Amino acid sequence: MQTGLHFEHGQVYTYIIDGAKATEEEPTAYEGSWTDYMSEILQDKTGGAFGIVMDHLNPIAIKAAEELSARLEGAGTVRLYTKEEAVLGMVQFQRNDLKRGKTAVFDYNAEQFVYYEVKERSGKRIVEKYDYTQKMENAKTKNDKDLFFAEIAAKTLARGVTSTVYLCGTGFEGEWLLQSTRILCRGRRVFMGNHLFACGAAYLAGREIGFGAEDAFLITENMTACQIGLTLYHHGRDVFYPLLPEGRAWFEAKGEMEIFVSGITKLIFELRSKEGRKMASVCMPLSGMKKNKDFVYKLKIQGEYLSSERCKIKITDEGFGSLRPSSHQVWQQVIRLERSESHE
């Protein structure tokens, strides 16, 4: 059994997939933390896969999920997902054909108004996030809401073909959708519900490998904006080897590789876009290395993000087998990134 839970503003929305049966449970109010709520849930469950959606993931929350998973003692897992990941999971569960058109998700609650656009480009599924909170905060009446939302919908849905639209969140309650409805329904399927994110999390939680498919790319302020890696000479040609991926939550984006080099005293790291276009290069000096082609070094290269705009590269000399022991020399450098893409 797969259970998705979306915690938002004191309410938890639960979606359960059990074989061919899918169930939306009535929203439940909860007090305290999401970990307290999950602890109670796990006491009554014998196992299963649990996917939890929250707006802002961080290392502390991920650690808490790992501890909850440990309580299941192998009988299940607890995984955390961002809304962007949950949107992608929902689109996959509903089997929306992105080749026929994009999927649009408008998320409106007491704190924010966000638009998620899911599309396919060059065989890769892309989720982009656009924030229109400031515009909708100016709405004082139901008519204002309808007018502003109609402007947002006309602008976002004009970019290419959109086949399916979802409206999610308590902000859409109150029967104010009039002019905006006419724009949304022009040749498109439109659905409304508050369990969309929980549905996506339930679907992803049931997959053996979880989220992390290489054919997906998420674009938000908390996701890595580019690939970082090295171009190496391999089998007679230059090949780009990524160390750090793009489109992943920065606190989960880590990488490691080992290379053999000789005759160099620096490495050039390349920053590449999701399409593979070279955006910038960063030179990392390796002081102390001998620039001798007969002197081979085995280097262990590790990368991790410190924030969405800063990453650290660590290089360790591991010697060269029995011919040359490791010097244990370590080089480190922090790379600062600038996002080339802006979102409204």
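A quick note: this is a predicted structure, and the numbers were derived from the prediction, not measured. (Residues numbered from 1 in each chain as written. Predicted model: local features only at pLDDT ≥ 70, side-chain atom pairs only at ≥ 80, totals over all residues. Heavy atoms only, no water.)

1. Digging into the overall build of the chain
This is how it is decided: A run of H or I in DSSP counts as a helix once it spans at least four residues, and a run of E counts as a strand once it spans at least two, with each numbered from the N terminus. The cut-offs for exposure are 20% and 50% of the maximum accessible area for each residue type, with area from a 1.4 Å probe on protein chains only; residues under the lower value are buried, those over the upper are exposed, and the others partly exposed. Any two residues having at least one pair of non-hydrogen atoms within 4.5 Å are treated as being in contact. In this tally Asp and Glu are treated as negative and Lys and Arg as positive; neither His nor the chain ends contributes. Charge placement uses NZ in Lys and CZ in Arg. For Asp and Glu, CG and CD serve respectively.
Across its full length, the chain carries seven helices and 20 strands. In terms of overall dimensions, the chain has a C-alpha envelope of 75 × 50 × 35 Å along the principal axes. Out of the 344 residues belonging to the chain, those deemed buried represent 50%. Taking all contacts inside the chain whose residues are at least 6 apart in sequence as the whole, residues at least 24 apart take part in 63%. Averaging the coordinates of the 45 positive side-chain charges in the chain and doing the same for the 47 negative ones gives two points 8 Å apart.

2. Some points on the packing of aromatic side chains
As a reminder of what qualifies: Paired rings are identified among Phe, Tyr and Trp, the last through its six-membered ring, by centres lying within 6.5 Å, and are further divided according to the angle between planes into stacked (under 30 degrees), edge-to-face (over 60) and tilted (the rest).
This structure, assessed with the given rule, holds 21 aromatic pairs. Relative to F149, the ring of F113 has its centre 5.6 Å away and its plane inclined at 65°; by these criteria the two rings are edge-to-face. Of this pair, F113 sits in strand β8 (residues 113-121) while F149 sits in helix α5 (residues 142-157), placing them 36 residues apart in sequence. Assigned by exposure class, F113 and F149 land together as buried.

3. A closer look at the packing of helix α3 (residues 83-93) against helix α7 (residues 196-205)
This is how it is decided: Interaxial angles span 0 to 180 degrees and are taken between N-to-C directions of axes, which are lines fitted to C-alpha atoms, for helices over the stretch in contact. Any angle that is under 35 degrees is reported as roughly parallel, and any over 145 degrees as roughly antiparallel; angles of 65 to 115 degrees are reported as roughly perpendicular and all others as oblique. Gly falls in the polar group here, along with every residue not listed as nonpolar (Ala, Val, Leu, Ile, Met, Phe, Trp, Tyr, Cys, Pro) or charged (Asp, Glu, Lys, Arg).
The N-to-C vectors of α3 and α7 enclose an angle of 75°; their axes lie 7 Å apart at closest approach. In terms of their interaxial angle, α3 and α7 are classed as roughly perpendicular. Contacts from K83, E85, A86, V87, G89, M90, Q92 and F93 in α3 reach L196, F197, C199, G200, A201, Y203 and L204 in α7. When its residues are assigned to classes, the contact of α3 with α7 shows 10 nonpolar, three polar and two charged.

4. Some thoughts on helix α2 (residues 59-71)
To be explicit about the condition: For a helix, the expected span equals 1.5 Å multiplied by the residue count minus one. Directions are taken from the helix axis to each C-beta atom, and the arc is the one they span.
The end-to-end C-alpha distance of α2 is 19 Å, a good match for the 18 Å that 13 residues give at a rise of 1.5 Å each. Here α2 has its buried residues at A61, I62, A64, A65, L68 and S69. Viewed end-on, α2 has its buried residues packed into an arc of 160°, placing them on one side of the element. Summarising the geometry of α2, the exposed residues directed more than 90 degrees from the buried face are I60 and A70.

5. Some thoughts on the confidence of the model for the chain
Let me state the cut-off plainly: In predicted models, pLDDT denotes the confidence assigned by the predictor to each residue on a 0 to 100 scale.
With 91% of its residues at a pLDDT of 70 or more, the chain has an overall mean of 84. Residue range residues 209-214 is modelled with pLDDT below 50. Its contacts to residues more than four positions away, or to other chains, number 16 contacts. Contacts for the low-pLDDT stretch residues 340-344, under 50 throughout, to residues beyond four places or in other chains number 11 contacts.

6. Quick look at unusual backbone geometry
Positive phi values are uncommon outside glycine, yet H9 reaches one of about 50°. Even without being glycine, R95 reaches a positive phi, approximately 60°. By the secondary structure assignment, R95 is in the loop between α3 and β7 (102-108).

7. Things to note about the sheet that holds strand β19 (residues 310-317)
Under the convention used in this document: Only when DSSP finds a minimum of two bridges between them are two strands counted as paired.
Spatially, the four strands line up as an open sheet ordered β15-β18-β19-β20, and their pairing is antiparallel. At either end of the open sheet lies a strand with only one pairing partner, and these are β15 (254-261) and β20 (330-336). Neighbour-to-neighbour, the strand axes of this sheet turn through a mean angle of 20°, independent of strand direction. As defined by bridge partners, β19 adjoins β20 across seven bridges and the pair is classed as antiparallel. Within β20, the residue paired with K314 across the bridge is Q332.

8. A look at the environment of T156
Mapped onto the elements of the fold, T156 is located in helix α5. The spatial distance from the C-alpha of T156 to the C-alpha of E117 is 8.6 Å, given a sequence separation of 39 residues. If near-sequence neighbours (up to four positions away) are discounted, T156 is found in contact with K102, F106, Y115, E117 and Y132.

9. Here's the deal with the layout of surface pockets
Threshold: Detection works on a 1 Å grid of protein atoms alone, calling trapped sets that fit a 1.4 Å probe cavities and calling open sets with protein on both sides within 12 Å along at least five of seven lines pockets, with lining residues defined by an atom within 4 Å of a point. Grid points are joined across faces, edges and corners, and a volume is the space filled by probe spheres set on the points.
If you add up the space inside the second largest pocket, you get close to 280 Å³. Elements represented by at least two residues in the lining of the second largest pocket include exactly β13 (227-234), β15 and β16 (266-272). In terms of residue count, β13 provides more of the lining of the second largest pocket than any other element does, four residues in total. Taken together, the residues of the lining of the second largest pocket sort by class into eight nonpolar, one polar and two charged.

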